[in-house]
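Here's the letter readout for the chains.
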Amino acid sequence: ASLNALEYAVDMLVSNRLSTVLVGGVEELCPETFAAFHDLEALKRSSGNGLEKKSSVARATFHLGEGAGVLVVENERASGQRGVRAYAEVLSIVSGFAGDITGKLGISEQAAEETLRDAIDLAGVRAGDFDCVSLTSDPESIGETSPANLEARVLKRIFGSSLEKVKKVGLRSLCGETFSATGILQIIAAIGSATGSKSELALVATLSPIGTCAAAVLRLPPGQTAWLELKDGNNSSAKSNPVGNGR
């Protein structure tokens, strides 16, 4: 996953083995991937009239998607020498595997929660400090309490009542499940949602149906221009192609 690549890059920068590195994630929709998840009955299906068919198995399903994103990640000295302004500062990043050890499609709720809490603790901040959460799920789904909505349950336990006040950003309704590209695309979305009026704290959380999970805490500096269109001040969708605007 692309957040794993970012974690590796941050380790290289912190240890002074590199000063600047390109970090990317890419997911291509191919017949083999589609066939595998189809056989697992993990895909959302259309009935042909725009209505979604219910899967015969009791678990969350998803639409497959594809995408790619690349970030320039560097230490403060390198960006200062180039005379550029950083779009975000990585305060912490934690990754892990929360899959079912029996090989079934799914993710461990406890392991996912531990990953998010570890990232918050490592950054030295509190859940109530966040201005933005960049989600794997669609923002509207956080209000649901269905058994399949693992991410909503985890975030509600971590944030409590403060979750209602946090800006939520999600791209799954636009991009589908992009697996390896998800983390980078979510970081780009979080940066694109910054209002620029003040410094913002963002939590990027990726929970994959194949069992991988990761979380990053970012500080978004003031002075940026939001290029995501916000809905009712809380949820967001893309106003233009967020990957292709050169940021």
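Because the structure is a prediction, the values reported are computed rather than measured. (Residues numbered from 1 in each chain as written. Predicted model: local features only at pLDDT ≥ 70, side-chain atom pairs only at ≥ 80, totals over all residues. Heavy atoms only, no water.)

**Student:** Run through the overall build of the protein, naming residues and quoting values.
**Tutor:** The helix and strand tally for the protein stands at 7 helices and 11 strands. When each of the 247 residues of the protein is scored for burial, the buried share is 45%. Split by element, the accessible area of the protein, about 12600 Å² in all, is 52% carbon and sulfur. (Helix = DSSP H or I, 4+ residues; strand = E, 2+ residues; numbered from the N terminus. Buried < 20%, exposed > 50% of the residue type's maximum accessible area, 1.4 Å probe, protein only. Areas by Shrake-Rupley, 256 points an atom, 1.4 Å probe, with all protein chains shown as cover.)

**Student:** Got a sec to walk through the nonpolar core? Specific residues and values, please.
**Tutor:** Most often, soluble globular proteins keep nonpolar side chains buried together rather than apart. Ranked by internal contacts, the top residues of the largest apolar core, which has 28 residues, are Leu3, Leu6, Val23, Val73, Ile187 and Val204. Residue assignment for this core shows that the elements contributing at least two residues are helix H1 (2–14), strand S1 (20–27), strand S4 (67–74), helix H7 (182–193), strand S8 (200–207) and strand S9 (212–220). Looking at this core element by element, the count peaks at 7 residues for H7. What Val73 contacts, discounting residues up to four positions off in sequence, is Leu6, Leu13, Ser19, Thr20, Val21 and Val23. Counting 25 residues, the second-largest nonpolar core is a separate cluster that includes Ala127, Phe159, Ala205 and Val217. (Core = buried A, V, L, I, M, F, W, Y, C linked by side-chain atoms within 4.5 Å. Contact = heavy atoms within 4.5 Å.)

**Student:** With reference to specific residues and values, describe the packing of aromatic side chains.
**Tutor:** By the definition in use, this model includes 1 aromatic pair. Plain terms: the ring middles of Phe130 and Phe159 are 5.8 Å apart, the flat faces sit at 65 degrees to each other, and that makes the pair edge-to-face. Linking Phe130 in the loop between helix H4 (109–123) and strand S6 (132–135) with Phe159 in helix H5 (residues 150–159), this pair joins segments that are 29 residues apart in sequence. Taken as a pair, Phe130 and Phe159 share a single burial class, namely buried. (Phe/Tyr/Trp six-rings, centres within 6.5 Å; stacked < 30°, edge-to-face > 60°.)

**Student:** Any details on the pattern of salt bridges? Residues and values, ideally.
**Tutor:** Considering all chains together, one arrives at 9 salt bridges under this definition. Residue Arg153 pairs with Glu109 through a salt bridge whose shortest N-O separation is 2.7 Å. Taken together, the positions of Arg153 in helix H5 and Glu109 in helix H4 put the pair 44 residues apart, joining distant regions of the chain. A relative accessible area of 24% means that Arg153 is categorised as partly exposed. One salt bridge in this structure joins Glu109 and Arg157, with 2.8 Å as the shortest N-O distance. On the criterion of sequence distance, the pair formed by Glu109 in helix H4 and Arg157 in helix H5 is long-range, its members being 48 residues apart. (Salt bridge = Lys/Arg side-chain N within 4 Å of Asp/Glu carboxyl O.)

**Student:** Any chance you could break down the sheet that holds S9 for me, citing the residues and the numbers?
**Tutor:** A sheet is described by the order of its strands in space; here 5 strands give the open sequence S5-S9-S8-S6-S7, paired in mixed fashion. Of all the strands in the sheet, the pair left with one neighbour each is strand S5 (89–97) and strand S7 (167–170). On average, adjacent strands in this sheet sit at an angle of 15 degrees to one another, irrespective of strand direction. Relative to S7, S6 runs parallel, the two sharing 4 bridges. (Pairing = 2+ DSSP bridges. Axes fitted to C-alpha atoms, helices over the stretch in contact; angles between N-to-C directions.)

Taken by themselves, the reported measurements are silent on function.
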